[in-house]
Amino acid sequence: RMSRLAVGEIREMSGNDTVEGEMWNKACFLSRLVASSVRVSQSAGDLIKGILARGELGVIDKGSESVYDPQTEADRAAQYLIVQSLHKKFKDICIIGEEEKVSAVEVLEDGASQDVLSLSFPSDLSSIEESNDVVVWVDPLDGTTELARAKDKTSVETLQQVTVLIGIAYKGSIVGGVIHQPWSFPEGKSRTVWAVKGLGVHGIDVASQKKEKVIVTTRSHGTATVEEALQELKRRGLSTSVERVGGAGFKVLKVLEGSAAYVFASPGCKKWDTAAPQAVLEAAGGTLTDISGRPLVYSSDIQKNNSGGVLATSPWVNHSEYLSALPDALKQSLPEFLPRK
């Protein structure tokens, strides 16, 4: 699967690469970008697994005195791998990653997913050209808290919450994304879920309607406003139970696999947390907005915080029902934009 490229090296095409090369030459820009993102997410997942297996997490706290915000060597190395691999091919796009501090790796990923390259892109997408109107939002390791807590390196129940997120926006709107899960439940095998606007979601079986309305929410960033939202949904019969898990990517996978909604009535979630999950959820027929129903904007100059919170609903529930159930006072406490300092 891997088609690696040492930094500064020019890769010779092998026989195996010929088919991929021919497909690449015929593909539009966005197809190439999504195809490359799929492969680079998989390489990042392998890198994360290797760092954990070697016990070389090197955890630091990049948070404030009141908020624990861990960062590991896996975050730092995975971001370098993703950003440098994509920029090597696509020099004119804008890439925004979560981590300010990164760790160089010797080998980049130069491959592209043939599954993506084989798709026929509609004209509105195939006409998109490489430019800084294309913004790639990268969370190299969503669920760092879970990875750092995984004392048992084989605990799939904990490690399944870790994902690699690459979301692609054009002129502020999401057009594609990848959620790579290095450890999926129950066997701990990796899986890659990806989507392109209008071309469906790939790599996951989307659940149909369920009797139970399970709400997934944050495990480690709970607030009074989060609890208020959950209580109101329960009172209105829109929630039968609540499951608290880590990682925005994992929460949206849970919504695709049978949970009714992901509710986060707090300003703590960032654009790199929601870009890829939104692409995947919307391609499956679900909806992701802030808790007031406003669309999230992903242009490069936008604030990083989703200060209006996040409401993500599965394809089988009515998004507007969940929106209208949330109290107006709660919505007013979570404005679309934070005041500029």
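Just so it is clear, the model here is predicted, and its values are computed rather than measured.

> Talk me through the sheet that holds strand β10 (residues 201–202); I want residue IDs and the actual numbers.
Within a sheet, neighbouring strands are paired by backbone hydrogen bonds and run either parallel or antiparallel to one another. With respect to topology, 6 strands assemble into an open sheet ordered β4-β6-β7-β8-β9-β10, the strand pairing being mixed. The open sheet is flanked by β4 (94–97) and β10, the only strands paired with a single partner. Direction of pairing for β4 relative to strand β6 (residues 134–142): parallel, over a ladder of 4 bridges. Paired with Gly97 across the bridge in β6 is Val138. Here helix α3 (residues 73–89) sits on the sheet and contacts β4, β6 and β7 (163–170); the angle it forms with β6, its principal contact strand, is near 155°. Across the sheet, helix α10 (residues 271–283) is in contact with β4, β6, β7, β8 (173–181), β9 (191–196) and β10; its angle to β8 comes to roughly 95°.

> Any chance you could break down the sheet that holds strand β11 (residues 214–218) for me, citing the residues and the numbers?
Reading across the sheet, the 5 strands line up as β12-β11-β13-β15-β14 and stay open at both edges, with mixed pairing between neighbours. Across the chains shown, the open sheet's two edge strands, defined by having one partner strand only, are β12 (241–245) and β14 (287–289). Averaged over all pairs of adjacent strands, the angle between their axes in this sheet comes to 20°, without regard to strand direction.

> I'd love a proper account of the pairing of strand β13 (residues 261–264), names of residues and values included.
Neither face of β13 is exposed, since Ala261 and Val263 on one face and Tyr262 and Phe264 on the opposite face are all buried. When β11 meets β13, the two strands line up parallel, connected through 2 bridges. Pairing of Ile215 across the sheet is with Ala261, part of β13. In terms of strand pairing, β13 meets strand β15 (residues 310–313) through 4 bridges, oriented antiparallel. In the strand pairing of β15, Val263 is matched with Leu311.

> Describe the layout of surface pockets, listing the residues and the values that go with them.
Of the voids in this model, the largest pocket is the one considered here, and its volume is about 990 Å³. In this structure, the largest pocket is lined by 39 residues; those nearest its centre are Asp69, Glu98, His221, Gly268 and Lys270. Elements represented by at least two residues in the lining of the largest pocket include exactly β3 (70–71), β6, α6 (144–149), α9 (248–256), β13 and α10. Class assignment for the residues of the lining of the largest pocket results in 10 nonpolar, 16 polar and 13 charged.

> Explain unusual backbone geometry residue by residue, including any values.
In the segment running from Phe185 into Pro186, the intervening peptide bond is cis, with an omega of 5°. The residue Pro186 is located in the loop between β8 and β9 in this model. Phi at Lys171 is positive, roughly 50°, even though this residue is not glycine. Relative to the elements of secondary structure, Lys171 occurs in the loop between β7 and β8.

Here is what the cut-offs are and how they apply
- Residues numbered from 1 in each chain as written.
- Predicted model: local features only at pLDDT ≥ 70, side-chain atom pairs only at ≥ 80, totals over all residues.
- Heavy atoms only, no water.
- Pairing = 2+ DSSP bridges.
- Helix = DSSP H or I, 4+ residues; strand = E, 2+ residues; numbered from the N terminus.
- Contact = heavy atoms within 4.5 Å.
- Axes fitted to C-alpha atoms, helices over the stretch in contact; angles between N-to-C directions.
- Buried < 20%, exposed > 50% of the residue type's maximum accessible area, 1.4 Å probe, protein only.
- 1 Å grid on protein atoms, 1.4 Å probe; cavity = no way out; pocket = protein on both sides within 12 Å on 5 of 7 lines; lining within 4 Å.
- Points joined across faces, edges and corners; volume = space filled by probe spheres on them.
- Nonpolar A, V, L, I, M, F, W, Y, C, P; charged D, E, K, R; others polar.

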